[in-house]
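# Structural description and commentary
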Amino acid sequence: MAASPQAAGELIQSAPTAYRVAAAARRAPFGTLAHPLPIIIDSDPGLDDALAIALAVARPELNVLAVTTVGGNAEVRHCTLNALGLLHAYGRSDIPVAEGAAGPVLGEIVRATEVHGETGIGNTRLEPSPVAVQREGAVALMARLLRTHAQPVTIVPIGPLTNIALLLKLHPELAPRIAHLCLMGGSIGEGNATVSGEFNIYADPEAADIVFRSGVPITMIGLDVTHQALLDRDSVVALRALGRASARIAAELTAYALDRNMEWSGSATTAIHDAVAVAHLAIPGLVAVAPYHVAVDITAGPCRGRTVCDGMPRRLARTGRAATTDVGIHIDRARFERLLLDAFSSLP
Ligand code: BDR
Ligand code: CA
């Protein structure tokens, strides 16, 4: 296994806590050339989702069995068309796409169209896929793949967790067939949808609560690490310079995200959140993680959707809780950017 940015036990200086946090050995599986990791991506594409899906199909260490969609950044019907169009652009229309939940299990629908645009992919128009969405829904497709695949399957949720909660409630017997949930969502520190809530958790806190309580092994790739996984204007130039159709799409999506970020926060970079969850499964030494107990705030107050992350051993021991979730803490930005550029240099 490649060395992690922080070897296990080494203190992580960028950890957003008052106490000292040490890197730990990862618990998420990872794929290799000899044994590609079977994964299902559950997504709401989405600007950064689009790059995450590209990375997943480009990496030979991963075997993408399906892409399922969920309402999140945009209406689910847009997300589904985007997933189909993106896979077509990436030359992988053979990967089935199934549509999932339009809105959260409880509460109001929350969208991120002010960031991702009304259709979820900014102003980009994709060539329609020649392939139709699956007749079975997202949860049915996930259940079928979990039941029939030769080995347990890792799920990569990079949108609100509605489909995953429904899967666990409708098919509890399949939980042991989920090798791992490597999800983008949450934050030890500040949120983005609200001060407390990161978008994917805030958009369906009750679903996230079900998932984090399920006992399925989870890696949480939250804002603490994804805000280190940045692209900028130079990255857009580098993507365009690859001279490939899918890289041009990625350049356009990234440029749109950079404009929105400049408007919102005055920042000249944009975080490619969702691609970090995919990268963690393909490249074992890229993301440093530390173990936490994660609880989701489902109250109606200002902390709704917050992931309350406790990694302090003495506090955990005192309250009898266990640090069962790996939380992403650190990533090498330059290496992450190279990984994305490499991915697009191998796509059509
Ligand atoms: C997450 O929210 C969405 O807007 C992005 O696609 C990502 O999954 C980041 O908070
Ligand atoms: Ca997303």
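Description of the structure in this document. Note that the structure is a prediction, hence the values are computed from the model and not measured.

On to the overall build of the chain. Counting secondary structure elements, the chain contains 13 helices and eleven strands. Its C-alpha radius of gyration of 18 Å places the chain within 12% of the 20 Å reference for a compact globule of 348 residues. Expressed as lengths along the three principal axes of its C-alpha atoms, the size of the chain is roughly 55 × 45 × 45 Å. Within the chain, the fraction of its 348 residues that count as buried is 57%. Considering only contacts within the chain whose residues lie at least 6 apart along the sequence, 81% involve residues at least 24 apart. Looking at the chain as shown, the accessible area adds up to about 13,800 Å², and 55% of this sits on carbon and sulfur atoms. For the chain, the distance from the average site of its 28 positive side-chain charges to the average site of its 33 negative ones is 5 Å.

In this section: the side chain of Arg59. Locating Arg59 in the fold gives a position in the loop between α1 (47-58) and β2 (62-69). By relative accessible area, which is 17% here, Arg59 ends up buried. One polar contact links Arg59 to Glu61, side chain to side chain, over a distance of 2.7 Å.

The immediate surroundings of ligand 1 are formed by Asp48, Asp49, Asn73, His116, Ile158, Met184, Asn192, Glu198, Phe199, Asn200, His273 and Asp274. Relative to its unbound accessible surface of 280 Å², ligand 1 loses 96% to contact with the protein. Taken atom by atom, the bulk of ligand 1 overlaps the largest pocket. Taken together, the elements giving at least two residues each to the shell around ligand 1 come down to α1, α6 (199-202) and α11 (273-282). Here the shell around ligand 1 is built from residues that sort into three nonpolar, five polar and four charged.

Attention shifts here to the sheet that holds strand β9 (residues 287-296). Taken together, the nine strands give an open sheet; going across it, the order is β3-β2-β1-β4-β5-β6-β11-β9-β10, and neighbouring strands pair in mixed fashion. The sheet is open, and its two borders are formed by β3 (97-99) and β10 (307-310), each paired with just one other strand. Strand after strand, the sheet turns through a mean of 30 degrees between neighbouring axes, direction not considered. The sheet contact formed by strand β1 (residues 37-43) and strand β4 (residues 153-157) spans four bridges and is parallel. Following the sheet pairing, Ile41 is matched in β4 by Val156. Relative to β3, helix α2 (residues 76-89) is tilted by about 180 degrees, and along the sheet it contacts β2 and β3. On the sheet, α11 packs against β1, β2, β4, β5 (178-184), β6 (218-221), β9 and β11 (325-331) and is oriented at approximately 145 degrees with respect to β5.

As a volume, the largest pocket reaches approximately 690 Å³. In terms of lining residues, the largest pocket is bounded by 35 residues, among which Val115, His116, Asn192, Asn261 and His273 are the most central. Elements that contribute at least two residues to the lining of the largest pocket include exactly α1, α3 (113-116), α6, α10 (245-265), β8 (269-271) and α11. Ranked by residue count, the leading element in the lining of the largest pocket is α10, at seven residues. Class assignment for the residues of the lining of the largest pocket results in 15 nonpolar, twelve polar and eight charged. When its volume is computed, the second largest pocket comes out at roughly 240 Å³. Lining the second largest pocket are 14 residues, with Leu81, Asn82, Ile121, Leu126 and Pro128 sitting closest to its centre. Residue composition of the lining of the second largest pocket, grouped by class: six nonpolar, six polar and two charged.

Analysis parameters
- Residues numbered from 1 in each chain as written.
- Chains lettered and ligands numbered in written order.
- Predicted model: local features only at pLDDT ≥ 70, side-chain atom pairs only at ≥ 80, totals over all residues.
- Heavy atoms only, no water.
- Helix = DSSP H or I, 4+ residues; strand = E, 2+ residues; numbered from the N terminus.
- Rg over C-alpha atoms; globule rule 2.2 N^0.38 Å.
- Buried < 20%, exposed > 50% of the residue type's maximum accessible area, 1.4 Å probe, protein only.
- Contact = heavy atoms within 4.5 Å.
- Areas by Shrake-Rupley, 256 points an atom, 1.4 Å probe, with all protein chains shown as cover.
- Lys, Arg positive; Asp, Glu negative; His and termini not counted.
- Charge placed at Lys NZ, Arg CZ, Asp CG, Glu CD.
- Polar contact = N/O pair within 3.5 Å; in protein donor to acceptor, adjacent residues only side chain to side chain.
- Near = heavy atom within 4 Å.
- 1 Å grid on protein atoms, 1.4 Å probe; cavity = no way out; pocket = protein on both sides within 12 Å on 5 of 7 lines; lining within 4 Å.
- Sits in = over half its atoms within 2 Å of the grid points.
- Nonpolar A, V, L, I, M, F, W, Y, C, P; charged D, E, K, R; others polar.
- Pairing = 2+ DSSP bridges.
- Axes fitted to C-alpha atoms, helices over the stretch in contact; angles between N-to-C directions.
- Points joined across faces, edges and corners; volume = space filled by probe spheres on them.

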